[in-house]
There are 2 protein chains.
Amino acid sequence: MARSESGGSSRTATLSDVARLAGVSLATASKAINGRDQVAAATRRRVIEAAESLSFTPNALARSLTAGRTGTVGLLTSDLEGRFVIPILMGAEDAFGAGQVNVFLCDARGDAIREQHHLKALLNRRVDGIIVVGRQTDPRPSLGHDLPVPVVYAYAPSDDDTDVSVTPDNVTGGRLAAEHLIATGRRRIAHISGDPAYAAAQDRTVGVQAALADAGLELVGDVLYSEWTEHWGRDASALLLASHPDVDGIVCGSDQIARGVLDTLRDLDKRVPEDVAVIGYDNWEVLATNSRPELTSIDANLKQLGRAAAMRIFDAIDGAEPATGVQYLPVRLVIRGSTIPRR
Amino acid sequence: MARSESGGSSRTATLSDVARLAGVSLATASKAINGRDQVAAATRRRVIEAAESLSFTPNALARSLTAGRTGTVGLLTSDLEGRFVIPILMGAEDAFGAGQVNVFLCDARGDAIREQHHLKALLNRRVDGIIVVGRQTDPRPSLGHDLPVPVVYAYAPSDDDTDVSVTPDNVTGGRLAAEHLIATGRRRIAHISGDPAYAAAQDRTVGVQAALADAGLELVGDVLYSEWTEHWGRDASALLLASHPDVDGIVCGSDQIARGVLDTLRDLDKRVPEDVAVIGYDNWEVLATNSRPELTSIDANLKQLGRAAAMRIFDAIDGAEPATGVQYLPVRLVIRGSTIPRR
DNA sequence: CTGTTAGCGCCTTCAA
DNA sequence: TTGAAGGCGCTAACAG
């Protein structure tokens, strides 16, 4: 176990230790170390040297106590398992990490009590702001407005329109997917999606339908909803092909579903993309780049979403009164072999 | 944006506000709130009421300043992308979260400079301990021994044997996998793995070989090493079956590889598990439970590993001098349809 | 049982 | 340019 007891003066050095060693007062030492300009160059050098020789590290707690700001932000997630949370978290950590901000990670595991508990802990620690990250795009309960720090909701927007929320634009995502299939010449397009209780499923469908309508097309069959799994993708596409063997394009609600669809098409000796084009959703690389053929998909830019959330927090800390309501962030099409033949 | 300005007294209440409102001294208020037993019941009630009416929250920073402990721990990861880091992080967050400890998350993104930077920040914030989480099981450079707080290395052990490290037991994992195939009656067993530069690949192979040797068997062909991908799984198994068509069991170095293997076996009209049994590694549920048939795999119990790391930190904070060196944590076999026929 | 008095480690006036 | 003093919010001795 790493412990410093090596030296002898076990206690970590404080500023007054530095001051004493440098032969100056506490105030001067403070100024010297913080780069204040009211200190002689020689004095500063002496102080810095003393600090280094004692391997002095300023106590951020003490500093925060007077400063009023801690340079910390709470990341309150309801579900760390979810693979959507991680990129968002990375984006946020990224945006903050560049500066002087550190992130407290709290996983409430979908439990409102635990969430409340963590919230309280974060406030006790005087975080400068809080990002709430949900695992679905369905609106979630607001933490309320009587909090002493700014709050931003990411992925799962707040159900309160006077809160600040950022979430991916699933409607446009669905639209992009369908428009891409249309652009590659498909006319008999079907849609297989996941759990219809998810806002994500509904929103994407809206986008798909809108794109088809704009092109004067109609969806082949009804939207097939069930689960976000490969199994469902296999079953649904078998069902679909049985009743509509002339389908030439399938928009899938997730990459997992799309993987299942690819499996079934292969079993049925349909060529992808020549006979049927398939597009997934989420751009989950490990799934999308390992399929045969590789999977075209919609990427929600989650890392950027996390960064955007961090920016909102920054703005709020800096005193700006940001626009409330839900902001829908752009998604992007990633084209691979499942919609365009490789040459 | 949620702000408290609703009330009027914008500043968050402090203990002396509470004391004043309750008509007692600061010290008494402190005792009342912290459940000290030297305070009259009635007084305590009054103080608590005052605190509530002011929605007072104790300032953890001020408290930590005197206490010497902050109740925070740093989680220093080199690579948040990695899917191994997350469960470990969850396990740790879990173990801590139950108590009064909060976790600072820092992602160094594989950059030593950034890691050093984060380390310094964590020390400035006076964390009570640090968990370093790597993305591979290969040993990583030690942070050194001149740190004022305990450090535990998880997943990627420290290359310094006087540090404390916890990592999954890959050798036993490989052994478990091979033993399971042997137990199901397989005798012509091959091994397809990932990048041979990974300790994980080497360790698992050692376990596989040992199990075979114990059973008086030899590996069919050489170990096939390349990448941890489905593509490689497909290619390698095609290669394998071409030269050794009589193989009846394949130990795979990862679930991704195993998925590729299943694909190829299906293309070659081999039945799994009747003709060939396949076992993966990692028990990555989304891959393992969506394949046809579902994939038997080895689970590294990463959540528990995270918990174990947290425990080591607790112990060290409580003053115990924990055993140094690398501790190998048990893994477990998860049996599904790819090795045992469903009835 | 309650209140007074010192700090914890640092920063910031304000004098010298 | 330097130093002395006060305070951030709280807790822990001590007295009363």
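Thresholds applied
Residues numbered from 1 in each chain as written. Chains lettered and ligands numbered in written order. Predicted model: local features only at pLDDT ≥ 70, side-chain atom pairs only at ≥ 80, totals over all residues. Heavy atoms only, no water. Buried < 20%, exposed > 50% of the residue type's maximum accessible area, 1.4 Å probe, protein only. Helix = DSSP H or I, 4+ residues; strand = E, 2+ residues; numbered from the N terminus. Pairing = 2+ DSSP bridges. pLDDT = per-residue confidence, 0-100. Contact = heavy atoms within 4.5 Å. Axes fitted to C-alpha atoms, helices over the stretch in contact; angles between N-to-C directions. Least-squares fit on C-alpha atoms with pLDDT ≥ 70 in both. Polar contact = N/O pair within 3.5 Å; in protein donor to acceptor, adjacent residues only side chain to side chain. UniProt positions renumbered as here; feature names shortened; annotations may be inferred. Buried area = accessible area lost by both parts, 1.4 Å probe. Salt bridge = Lys/Arg side-chain N within 4 Å of Asp/Glu carboxyl O. Nonpolar A, V, L, I, M, F, W, Y, C, P; charged D, E, K, R; others polar. Near = heavy atom within 4 Å.

- The name recorded for chain A in an unreviewed UniProt entry is LacI family transcriptional regulator, from Agromyces intestinalis.

**Concerning the pairing of strand E5 (residues 164-168) of chain A**
Each regular strand displays side chains that alternate between the two surfaces of the sheet.
Residue and element names in this part refer to chain A.
Then, number 1: For E5, the buried fraction is high: five of the five residues fall into the buried class.
Then, number 2: Side chains of E5 alternate between two faces, with Val164, Val166 and Pro168 and Ser165 and Thr167 buried alike.
Then, number 3: Of the pairings in the sheet, the one linking strand E4 (residues 151-154) to E5 comprises three bridges and is parallel in character. Pairing of Val152 across the sheet is with Val164, part of E5.
Then, number 4: With five bridges joining them, E5 and strand E11 (residues 325-329) adopt parallel strand pairing. When the sheet's bridge partners are listed, Val166 is paired in E11 with Gln327.

**Here we look at the confidence of the model for chain A**
Then, number 1: Residues of chain A with pLDDT of at least 70 account for 97%, and the chain-wide mean is 93.
Then, number 2: For the stretch residues 1-9 of chain A, pLDDT sits under 50, and the model shows 27 contacts to residues farther than four places along the chain or on other chains.

**Concerning the sheet that holds strand E7 (residues 224-225) of chain B**
Residues and elements named next belong to chain B.
Then, number 1: Reading across from one edge, E7-E6-E8-E9 is the order of the four strands in this open sheet, with parallel pairing throughout. Bordering the open sheet on either side are E7 and strand E9 (277-279), each of which pairs with just one other strand.
Then, number 2: Alignment of strand E8 (residues 249-252) against E9, held across three bridges, turns out to be parallel. By the bridge assignment for E9, Gly249 is matched with Ala277.
Then, number 3: Against the sheet, helix H7 (residues 170-183) contacts strand E6 (189-193), E8 and E9, and its axis sits at roughly 165° relative to E8.

**Comments concerning the relation of the copies chain A and chain B**
A rotation about some axis, followed by a shift along it, carries one copy of the chain onto the other.
Then, number 1: Here chain A sits on chain B after a turn of 180° about the axis and a move of 0.0 Å along it, with an RMSD of 0.1 Å. On this basis, the relationship between the two copies can be described by a two-fold rotation axis. Closest to the rotation axis within chain A is the C-alpha of A:Phe104, separated from it by 2.3 Å.
Then, number 2: A share of 100% of the interface residues of chain A reappears at the interface of chain B, consistent with the copies meeting face to face through the same patch.

**Quick notes on the side chain of A:Thr77**
Then, number 1: Residue placement: A:Thr77 occurs in strand E1 (residues 72-77).
Then, number 2: Side-chain polar atoms of A:Thr77 contact the backbone nitrogen of A:Asp79, separated by 2.9 Å.

**Remarks on the UniProt feature "domain: HTH lacI-type" (unreviewed entry) in chain A**
Then, number 1: Those residues carrying the UniProt feature "domain: HTH lacI-type" (unreviewed entry) are residues 13-67 of chain A in this numbering.
Then, number 2: The distance from the first to the last C-alpha atom of residues 13-67 of chain A is 21 Å, and the span holds 67% helix and 0% strand.

**Observations concerning the interface of chain A and chain B**
Then, number 1: On the chain B side, the residues contacting the 74 residues of chain A number 74 residues.
Then, number 2: Summing both sides of the interface, chain A and chain B together bury roughly 6400 Å²; the carbon and sulfur share of this comes to 51%.
Then, number 3: Between chain A and chain B we count 12 salt bridges in total.
Then, number 4: Counting across the chain A and chain B interface gives 32 residue pairs in polar contact (both at pLDDT 80 or more).
Then, number 5: Across the side of chain A that touches chain B, the residue classes tally to 30 nonpolar, 25 polar and 19 charged.

**With respect to the protein's contact with DNA strand C**
Then, number 1: Neighbouring DNA strand C are 23 residues, the closest being A:Leu15, A:Asn34, A:Arg63, B:Lys31 and B:Thr43.
Then, number 2: Atoms of DNA strand C within 4 Å of the protein belong to the sugar or the phosphate in 65% of instances, the rest to bases.
Then, number 3: At 3.2 Å, a side-chain N or O of A:Thr14 approaches a phosphate oxygen of DNA strand C.
Then, number 4: B:Ala40 is positioned with one of its backbone polar atoms (N or O) 2.9 Å from a phosphate oxygen of DNA strand C.
Then, number 5: When contributions to the surface near DNA strand C are tallied by element, the ones reaching two or more residues are helix H2 (26-33) and helix H4 (60-67) of chain A together with helix H2 (26-33) and helix H4 (60-67) of chain B.

**Observations concerning the protein's contact with DNA strand D**
Then, number 1: Within the structure, DNA strand D sits among 25 residues, and A:Lys31, A:Ala40, A:Thr43, B:Leu15 and B:Arg63 are positioned closest to it.
Then, number 2: In the interface set of DNA strand D, defined as its atoms within 4 Å of the protein, sugar plus phosphate atoms amount to 67%.
Then, number 3: A:Ser25 is positioned such that a nitrogen or oxygen atom in its backbone is 2.9 Å from a phosphate oxygen of DNA strand D.
Then, number 4: For the surface near DNA strand D, the secondary structure elements donating two or more residues are H2 and H4 of chain A together with H2 and H4 of chain B.
Then, number 5: Here the surface near DNA strand D gets four residues from one element, more than from any other, and that element is H2(B).
Then, number 6: Across the surface near DNA strand D, the residue classes tally to 11 nonpolar, 10 polar and four charged.

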